[in-house]
Amino acid sequence: MAAPPKAPYMASVDNNLFRGMAYRQVGHSRGGRVTTVTGVPSQPKTFYMGVASGGLWRTTNGGESWEPITDHKVPVGSMGSVVVADSDPNVIWLGTGSDGVRSNVSTGRGVYRSNDAGKTWEFKGLYNAGQIGAVRVHPTNPDIAWVAAYGDIFKPNNERGIFKTTDGGKSWKKTLYVSDSTGAMDVELQPGNPNVVFAWMNRIERKPWSIISGSREGGFYKSTDGGETWKRMQTTGLPNELIGKGNIAVTAANPQRLYALVEALPGGGLYRSDNAGENWQLVNSTPGLITRPFYYTSLNADPTNADIVYGGAETLYKSSDAGKTVTPFRTPHGDNHDLWINPNDNKIMVQSNDGGANVSFDGGKTWSSQDVQLTAEFYGVWLDNAFPYNLYMAQQDNSTYIVPSLNNPFNMAAVRVGPGCETGPIIPHPSDENIIHGNCKGQYSVMNVKAGVTKNYWIGAQSLYGNDGGDLMFRMQRTTPMATSPHDPKVLYYGSQYLHRTRNNGASWEKISPDLTAFPKCCQGGSGQPITRDVTGEEFYSTLYAITESPLEKGVIWTGSNDGPFSVTRDDGKTWSRITPKELGEGGRVAWIDASPHRKGSAYYATYRYLLGDYKPYIYLTNDYGKTWKLLTDGTNGIAADVPVRVVREDPVREGLLYAGTEFGLYISFDNGGHWQPFNLNMPIIPINDIRIHKGDLVIATQGRAAWILDNIAPLQQIGPTTASAAFTVFRPRDGYRTTTGQSFLGPTVDYYLASAPSDTVRIEILDAAGKTVNSFKSGVAPVQAPRRRFGEDDDPDESMMAGRGGRVPAMATGPTLNLVTKNAGMNRFVWNVQHQNGLGAPPGQYTARITVGSDTKTVPLRVRIDPRLAADGTTEADLQAQFAHNVKLREMVAEVNALLARVRTAETKYKGATGAAADTAKQVKEVSETLNTQPIRYGKPGLQAHITYLAGMTARADQKVGQDAVERYAYLRKELEAAKAKLDKAIGPQRSM
């Protein structure tokens, strides 16, 4: 088949052309990191959770299920703090920007408010406040609120500190400001007296190579005039040298009681004040309370008992004696971030951690499930060649997972665990389904699926955690890059500061490059300063971060590092060229590289520099192996100047069709990056971590909302300059499949564009190769859907005789309604269920779809293929065509025997009680009846009708080659049926033809 003509470049595409397309979330539903939670005292089953990168969610049934309530209303995924007004539960204040500032943290973009319990949202300012640690609302006036803003954690800025509004967010007053690098971690109101306000100020800054937490400024502040003016409390008891992150807890049980969890040197630990912050004492220095304070430092006091306080880090601790002693408090997942306790009943609480949010109604003895939250953070996604294919992903703070592409997102039973751990990547072997490559925080492993064994082949075999980066033999990030070769399935690449290659699944490695990083001397020490050292590999600087081999040229390998440099080899690693664009400047992380599937020497680099305080989007393109570069994102061509880009991919079918994943959603370009437009469709605006185009689908891995698939992107590959101006356009369909698995997604699809909704009916007819109508459908008619098969009963030959026993319906992802014809203005999608109008499954083969709108008719070829899993066991399309012919004959024979039985029943009625000569006729009719009918007792001897329908069911349950026994049995029953016909005809005369 000739290649399709090259599609023209287009500056923009009418969004109506996307109307019939929708992303499908495949999950999974195991929850991800949640920064903030709260509840509603008057609605004890209603709770809110702010996902670190996945928006705000609500449950109204105590955590049995959750729903997102900011999708497409708040254009930010990163949540910092949520609070419901005590005086009006319909008023919700939301501060964006997670305060758990790990290296992949997504920035916030200000404050939002809802006056109708989340139905609608309004932006309320503080766009540059960065990460927001806390929002508090006046107890009787919901228009008065305070915000604790970290500010930009990647660079100095002035929009940090404590802000107050008295007019519902129309205006803000910065009432507490220390410096352009010290922000507010927390703000709290004294219970019963909102004029007394407490705040904690500290410096926290994130660099690509380190976490800076602490300085000699900041600390505990108090206001007695509603936060209008502040006093730094140089009181006895609190640390007063190096002061880091801190959190304050208040309790309505004793308004004078305060707790503070403080990172400091010296003096970190849990502090208590019994006189509203005038004096403090260190009550507990258990190390676990202040583990990794930049990420945790969670503190909450019981509102009904002032002696009960909870401190959260990797472990959540509880004290019942005002902090003197603490004991671990069990939660469903580690890495704890927030807790809310109902002030009316301290047994009702909601708690958050890296696994999601969980609700308890018995004081934490039992918790609601976290497997009902579609909020996973996936670092990337890889696909296999199975049918249907599977997604391979690593989830932040969980494990690596293998998710079926047709998975119902809540069906965790279908999800498998792979090698490696939370950081990934996890990559299936290109040609051996038994082998899966994995990584865990810089260390390679390989899984033998059949044996259930994972082998470790760690490059260098050196312990990575705790080391200064400059002291390592091989510097490897937690999310170490791996890549398979498109030319040799045995080849796997792996990145430290060097490029490594194995041809034997890691048993031996060869180093095939020099140091491909910048390796600045400034940034090779241990992360975490000046108080808390934190070296987990996440901040190892000067490592490779992206690796790609050209699909068009073997041995052309592109790399990018997390400290800036782009590199390429054109001779399989023998020599290398440093090809970084001159104007890019020092630093920057190359997140992904996409070697063009259309042009040799061409590659796209997605680089982000927001960790350096530069939020500009950077997508670079070279067409000459890096000699020259073109920046495809100048801040004015569709992707805004403050929207960092994480990934870019070129469509493998349509040259110049690009997909870009950013910090704030997905974008698409139809002119090779000359212009961009949003392409989120029904997917929320969230950070996009990876994009793949696989088997005609667009597969998306997000940071905070799990994985999504846009099925069948064939229309995107065909849209032309005149498509939107044409009254009626039909796109070339991709090949579809006849399958019992996910027919809504894999079946033959017809996509058509209507400039306006027609008054006429839209008709779609399916024609076979001979031009005969196989089936026809029209708009305005709801299609009848075939009943779902039941697990474990599909192969029961007696099912029709013993129906009604029930069964388990499998969980399946929802998709387009089969056989539904729509006539919406814009793009419409029709999916055929590959059924003949006679009720039988139509066989694979070549068909034609004929679409008629008014007087305008268009036709397109429609190829239906055999399920590849059947083809693998030797079944052919010819077998299925023969099966169809066989089933048609059986369908006809069923109809014949039913018609014959109807004649018999009529005759039985006519000759009932007959005497004389007619009695002989009645006897013959009775004999035919006994031949046809099953004895009317339980387990009675089956009649000819039962035998025929039994045989018809034998080859109608699955796509299969018709067995010889079925053919021979058909011939036998055909003779029996003809004999019964002849006997009835002899008795009562032949049936007259109408």
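Refer to the structure printed above.
All values reported here derive from a predicted model rather than from experimental measurement.

Rules of the game
Residues numbered from 1 in each chain as written. Predicted model: local features only at pLDDT ≥ 70, side-chain atom pairs only at ≥ 80, totals over all residues. Heavy atoms only, no water. Helix = DSSP H or I, 4+ residues; strand = E, 2+ residues; numbered from the N terminus. Rg over C-alpha atoms; globule rule 2.2 N^0.38 Å. Buried < 20%, exposed > 50% of the residue type's maximum accessible area, 1.4 Å probe, protein only. Contact = heavy atoms within 4.5 Å. Areas by Shrake-Rupley, 256 points an atom, 1.4 Å probe, with all protein chains shown as cover. Lys, Arg positive; Asp, Glu negative; His and termini not counted. Charge placed at Lys NZ, Arg CZ, Asp CG, Glu CD. Pairing = 2+ DSSP bridges. Salt bridge = Lys/Arg side-chain N within 4 Å of Asp/Glu carboxyl O. Core = buried A, V, L, I, M, F, W, Y, C linked by side-chain atoms within 4.5 Å. Axes fitted to C-alpha atoms, helices over the stretch in contact; angles between N-to-C directions. Parallel < 35°, antiparallel > 145°, perpendicular 65-115°, else oblique. Left-handed = near helix turned anticlockwise from the far one by under 90°. Nonpolar A, V, L, I, M, F, W, Y, C, P; charged D, E, K, R; others polar.

K.L.:
Can you help me understand the overall build of the chain in this one?
P.N.:
Counting its regular elements, the chain contains 6 helices and 65 strands. In terms of overall size, the chain behaves like a compact globule, its C-alpha atoms giving a radius of gyration of 34 Å where 994 residues would be expected to give roughly 30 Å. On the principal axes, the C-alpha backbone points of the chain span a range of 120 × 70 × 60 Å. A buried classification covers 60% of the 994 residues belonging to the chain. Long-range contacts, defined here as pairs at least 24 residues apart, represent 57% of the contacts in the chain between residues at least 6 apart. Approximately 38,000 Å² of the chain is accessible, and the part contributed by carbon and sulfur atoms is 50%. Of the side-chain charges in the chain, 103 are positive and 96 negative, and the distance between the mean point of each set is 4 Å.

K.L.:
Any chance you could explain helix α5 (residues 944-954) here in plain terms?
P.N.:
Every α-helix winds through 3.6 residues per turn, so residues three or four apart in the chain are directed the same way. Listed as buried for α5 are Leu-944, Ala-946, Ile-948, Leu-951, Ala-952 and Gly-953. Packing partners of the buried residues in α5 comprise α3 (877-910), α4 (917-932) and α6 (964-988).

K.L.:
Help me out: how do you make sense of the pairing of strand β23 (residues 298-301) in this one?
P.N.:
Looking along a regular strand, one sees the side chains alternate between the two faces of the sheet. On β23, burial covers both faces: Ser-298 and Asn-300 on one face and Leu-299 and Ala-301 on the other are all buried. With 4 bridges connecting them, β23 and strand β24 (residues 309-312) associate as antiparallel partners. Looking at the pairing, Ser-298 lines up with Gly-312 of β24.

K.L.:
Whenever I open this one, the pattern of salt bridges confuses me. Can you help?
P.N.:
Where side chains of opposite charge bring their charged atoms close, a pairing between them can arise. One pass over the full model with this rule turns up 51 salt bridges. The partner of Lys-981 in a salt bridge is Glu-896, with the nearest N and O atoms 2.6 Å apart. Taken together, the positions of Lys-981 in helix α6 and Glu-896 in helix α3 put the pair 85 residues apart, joining distant regions of the chain. Residue classification places Glu-896 among the partly exposed positions, given a relative accessible area of 22%.

K.L.:
Looking at this structure, I do not really get the nonpolar core. What am I missing?
P.N.:
Counting 83 residues, the largest nonpolar core has Leu-698 and Leu-716 as its most contacted members. With near-sequence residues (within four places) excluded, Leu-716 lies in contact with Phe-18, Met-21, Arg-654, Leu-657, Tyr-659, Ile-668, Phe-670, Phe-679 and Leu-710. In terms of nonpolar packing, the next biggest core, distinct from the first, is built from 28 residues, Met-79, Leu-94, Trp-121 and Trp-676 among them.

K.L.:
Quick question: what am I supposed to make of the sheet that holds strand β33 (residues 416-417) here?
P.N.:
Across a sheet, paired strands are connected by hydrogen bonds in the backbone, their directions being either parallel or antiparallel. Taken in spatial order, the 4 strands make up an open sheet running β30-β31-β32-β33, and their pairing is antiparallel. At either margin of the open sheet sits one strand with a lone partner, and together these are β30 (378-383) and β33. In this structure, β30 lies alongside strand β31 (residues 390-395), joined through 4 bridges in antiparallel fashion. Bridge pairing links Phe-378 to Gln-395 in β31.

K.L.:
Just to check I follow, could you spell out the packing of α5 against α6 for this structure?
P.N.:
For any two helices packed against each other, one specifies the inter-axial angle together with the distance between the axes. At their nearest, the axes of α5 and α6 sit 11 Å apart, and the two run at 155° to each other. One finds that α5 runs roughly antiparallel with respect to α6. Handedness of the crossing formed by α5 with α6: left-handed. Between α5 and α6, the contacting residues are Leu-944, His-947, Ile-948, Leu-951 and Met-954 on the first element and Ala-966, Arg-969, Tyr-970, Leu-973, Glu-976, Leu-977 and Ala-980 on the second. Residues belonging to the contact of α5 with α6 are distributed by class as follows: 9 nonpolar, 1 polar and 2 charged.

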